[in-house]
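# Structure at a glance
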Amino acid sequence: KTAYEIYQCDWSSDVCSSDLRLFKATIMWETTTTSAAGTQTEELDMVVAPRRSLWWDARQPDQPSLWGSWIELSDEFYQSLTAHPVPVDLRALRALNESSLALDLYAWSTWRTWRVTQKDKPVFIPWRALHRQFGSSYADVRDFARAAKREFVKIQLVYPALRISFPRGGLTLLPSAPSVLPLFK
């Protein structure tokens, strides 16, 4: 969502409720490296938006607020976004906006395909790993896999260069053109 779309949103809706959960989220990274010298673990807990002020009236969601709503991103989160941007096609986001799973998988596949293409080597991702990352609303991995495959059909309509296959147990991303072509080389 753009800032404008978030501002204009009916905060009582499911989509905006998921936005509120994102703003309250803490993103955690952990990397473990093992070498002859030993094992090193690095961790980072990053708050997305430590402060926010959101105004709305659930009884009259279309009525403009008398006060402006705002969201403050944490410095770490903002620096991470600007240091490692993932360009996405806003037309694709608009086309997929009815499904949070499709939006998540589109953004993820855009980022991950770029990495696969840089290495020029396909990568297999098990459904179980994707389920842990995106499937919290699905109790069963198989149900998540069926839903994800349906969403990838939609994603390929807006990102036709995406090369993906579905072998048993997961999906394979193949080197592909990016969703958004770079302006400069």
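Check the entry above for the structure.
Residues numbered from 1 in each chain as written. Predicted model: local features only at pLDDT ≥ 70, side-chain atom pairs only at ≥ 80, totals over all residues. Heavy atoms only, no water.

## Focus: the packing of aromatic side chains
Put simply, the rule reads: The criterion for an aromatic pair is that two Phe, Tyr or Trp rings (for Trp, the six-membered ring) have centres within 6.5 Å, with stacked assigned to planes under 30 degrees apart, edge-to-face to planes over 60 apart and tilted to the rest. Elements are defined by DSSP. Helices are runs of H or I of four residues or more, strands are runs of E of two residues or more, and each kind is numbered from the N terminus. Exposed residues in this analysis have more than 50% of their type's maximum accessible area, buried residues have under 20%, and partly exposed residues fall in between, with area computed by a 1.4 Å probe over protein chains only.
With the rule as written, the count across this model stands at six aromatic pairs. Considering the side-chain rings of Y106 and Y159, the 6.2 Å spacing of their centres and the 85 degrees angle between planes classify their relative orientation as edge-to-face. Note that Y106 is positioned in helix 5 (residues 100–119) and Y159 in the loop between helix 7 (141–158) and strand 6 (164–165), a separation of 53 residues in sequence. For the pair Y106 and Y159, one class covers both residues: buried. Pairing F152 with F166 gives two aromatic rings, centres 6.0 Å apart and planes at 50 degrees, and the pair type is tilted. With F152 in helix 7 and F166 in the loop between strand 6 and strand 7 (170–173), this residue pair connects regions lying 14 residues apart in the sequence. Ring-pair connections join several aromatic residues into one group, and the members of that group are W127, Y138, F144, F152 and F166.

## Some words on the sheet that holds strand 7
Inclusion rule: Note on pairing: DSSP must find at least two bridges between two strands before they are called paired.
Here three strands make up an open sheet; going across it, the order is 5-7-6 and the pairing antiparallel. Two strands bound the open sheet, and with one partner strand each, they are strand 5 (123–126) and strand 6. Relative to strand 7, strand 5 runs antiparallel, the two being bridged by four bridges. Bridge pairing links V123 to L173 in strand 7.

## Examining the environment of G135
Worth spelling out the cut-off: Should any heavy atoms of two residues lie within 4.5 Å, those residues are counted as being in contact.
With respect to the element layout, G135 can be found in the loop between helix 6 (127–134) and helix 7. Linking G135 and A145, residues ten residues apart in sequence, is a C-alpha distance of 8.9 Å. For G135, the residues in contact, after removing those within four places along its chain, are L130 and F144.

## Remarks on the packing of helix 6 against helix 7
The test is simple: With axes taken as lines fitted to C-alpha atoms, and helix axes fitted only over the stretch in contact, angles between N-to-C directions fall between 0 and 180 degrees. If an angle is under 35 degrees, it is roughly parallel; if it is over 145, roughly antiparallel; if it lies from 65 to 115, roughly perpendicular; otherwise it is oblique.
Put simply, helix 6 and helix 7 touch, their axes get as near as 9 Å, and they point 85 degrees apart. In this view, helix 6 runs roughly perpendicular relative to helix 7, as classed from their interaxial angle. Contacts between helix 6 and helix 7 involve W127, R128, L130, H131 and F134 from the first element and V141, F144, A145, A148 and K149 from the second.

## Overview of the pairing of strand 7
Look at any regular strand and the pattern is simple: side chains alternate between the two faces of the sheet. Because side chains alternate across strand 7, one face comprises the buried residues G170 and T172, and the other comprises L171 and L173, equally buried. As defined by bridge partners, strand 6 adjoins strand 7 across two bridges and the pair is classed as antiparallel. Note on strand 7: the bridge partner recorded for I164 is L173. The hairpin formed by strand 6 and strand 7 contains four residues between the paired strands, and G169 there has a positive phi angle of roughly 90 degrees.

Remember, this is a structural readout, not a statement about activity or role.
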